[in-house]
Amino acid sequence: MDGKVSSPTQASVQTPSGRIAYREQGAGPVALFVHGVLLNGHLWRHQLAHLSDRRRCIAVDLLAHGDTEIAPGQDVSVTANARMLAEFLDALGIDRVDLVGNDSGGGIAQIFAALHPQRVRSFALTNCDTHDNWPPEAFKPFLAMAAGGGLGDTLNAMLDDKSVYRSPQALGLAYEDPQSLSDESIETYLRPLVRSEQRTRDLQRFLAAFDNAHTLAIESQLKRLQAPTLIAWGTDDVFFPTKWSQWLADAIPGTRKRVEFDGARIFFPEERWAEFNEELRAHWQASA
C-alpha cells in the first residue's frame, strides 16, 4: 500500500553547475526523479508523497527550470544537465540511485545512466526523448516560436489565461485530461521561468540546445547498461510514440519489463500516478 512517512521539504545545494533546487521526502535508498522541459520537480509530487515509505525520494529542478540558480550564459544543454545530476549527487553525498525520468528529463537520465552506470541501482523511463527523436516533430513549432523571440510572451499568456496552457495549441496535448491540472500547478511550473528576463533567456538557450547528437553520442554505452530497467509508456502520445519504448527495451540489456498505459499521454506520471507508482514499487522490489 502507498503510505506517507514524512512531509516534503524544499532545499537547494551548491554545485559547480549552480545552486540546484530540489524537493525531497522520505528515507532510505535514494530515488532520483528527473522532469522535462517547462516543468520542475513538482511533476513528481505524487511519487514523493506516496513512495516515501520505501525511498528517500528526490525531485531535482533542472538547469534553467524551477528554482535552480545558474550563471548567465552557462551551458544548459542536456549533457550539461546530466553532468549536473552527478555533481548534485556528489554534493549531497549520494552514491547510487533508483533513477526515474520523463520527457526531456528521460533523455537526460539516459545520458547520465550511460556515463555513470555504476551510480544507477535501477532505472525507469517513461515517455521521453530517445535516440534520434530529439526534438520530436510535434514539438518543433514551439521551438521555432522560442527561437523567433516569442517565448516570454507565450509563457506570460499561459500564466494570464490558464486555459491557454491547457489548450491543444500549448500543453493540452501532453495530458489525457488537461482540465484536471490545477491553476496552482501551472503557476508552479511556469512562474519561475518568467521571474526575470535572464531566467527566460536561460530557458530559451535550453530549448535552442535540443539536438539528438547528445543521445546518439551515448548509444553504445546505453546498449551496455545492465541496471534493472522498467520502460513505462503512455500509448496516446503525439511526441513519443510507443515504438520508442520498444527501441529502449531492445537497446538496454538490463530491461526487465516494458509496460503500456493505454490512452495515457506524456505526463501520465502526474495524471495516473497511482498506477505508475504500483509499477515503480514492483520494479524496485524486483531489483532489490
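Residues numbered from 1 in each chain as written. Predicted model: local features only at pLDDT ≥ 70, side-chain atom pairs only at ≥ 80, totals over all residues. Heavy atoms only, no water.

Engineer: Let's hear about the state of the cysteines: which residues, and what values?
Structural biologist: Evaluation of the coordinates by the stated rule reveals zero disulfides. Lacking any disulfide linkage, cysteine 57 is separated from the closest cysteine sulfur, that of cysteine 128, by 19 Å. (Disulfide = S-S within 2.5 Å.)

Engineer: For helix α13 (residues 273-287), give the residues involved together with the corresponding values.
Structural biologist: Taking 1.5 Å as the rise per residue, α13 with 15 residues should run 21 Å; its terminal C-alpha atoms sit 20 Å apart, in good agreement. Of all the positions in α13, only Phe276, Asn277, Glu279, Leu280, Arg281, His283 and Trp284 are classed as buried. (Helix = DSSP H or I, 4+ residues; strand = E, 2+ residues; numbered from the N terminus. Expected span 1.5 Å × (residues − 1). Buried < 20%, exposed > 50% of the residue type's maximum accessible area, 1.4 Å probe, protein only.)

Engineer: Account for the sheet that holds strand β7 (residues 229-234), naming residues and giving values.
Structural biologist: Read across the open sheet, the eight strands follow the order β1-β2-β4-β3-β5-β6-β7-β8; overall the sheet is mixed. With partners counted over all chains shown, the strands left at the sheet margins are β1 (9-15) and β8 (255-261), one partner each. Along the sheet, successive strands turn relative to each other by an average axial angle of 20 degrees, direction set aside. Here β1 runs beside strand β2 (residues 18-25); their pairing, made up of seven bridges, is antiparallel. In the strand pairing of β2, valine 13 is matched with isoleucine 20. The strands touched by helix α3 (residues 104-115) within the sheet are β3 (30-34), β5 (97-103) and β6 (120-128), with β5 carrying the most contacts at an inclination of about 140 degrees. Lying on the sheet, helix α11 (residues 243-251) is in contact with β6, β7 and β8; it crosses β7 at an angle near 175 degrees. (Pairing = 2+ DSSP bridges. Axes fitted to C-alpha atoms, helices over the stretch in contact; angles between N-to-C directions. Contact = heavy atoms within 4.5 Å.)

Engineer: For unusual backbone geometry, give the residues involved together with the corresponding values.
Structural biologist: Residue tryptophan 134 is joined to proline 135 through a cis peptide bond whose omega torsion reads -5 degrees. Its place among the elements puts proline 135 in the loop between β6 and α4 (140-147). Unlike most non-glycine residues, alanine 64 shows phi in positive territory, near 70 degrees. Relative to the assigned elements, alanine 64 resides in the loop between β4 (56-60) and α2 (78-92). Phi angles above zero are rare outside glycine, and histidine 131 is one such case at about 55 degrees. Positionally, histidine 131 belongs in the loop between β6 and α4.

Engineer: How would you sum up the pattern of salt bridges? Please name residues and give values.
Structural biologist: In total, this model carries 21 salt bridges according to the counting rule given. Residue aspartate 61 is joined to arginine 23 by a salt bridge in which the shortest nitrogen-to-oxygen separation is 3.4 Å. You can see aspartate 61 sitting in the loop between β4 and α2 and its partner arginine 23 sitting in strand β2, a full 38 residues away along the chain. Considered together, aspartate 61 and arginine 23 belong to a single accessibility category, that of buried residues. One salt bridge connects aspartate 75 with arginine 83, and the closest N-O pair in it is separated by 3.7 Å. We classify aspartate 75 as partly exposed; its relative accessible area is 41%. Residue classification places arginine 83 among the partly exposed positions, given a relative accessible area of 40%. Here the salt bridges do not stand alone but share partners, grouping Arg55, Asp98 and Arg121 into one network. (Salt bridge = Lys/Arg side-chain N within 4 Å of Asp/Glu carboxyl O.)

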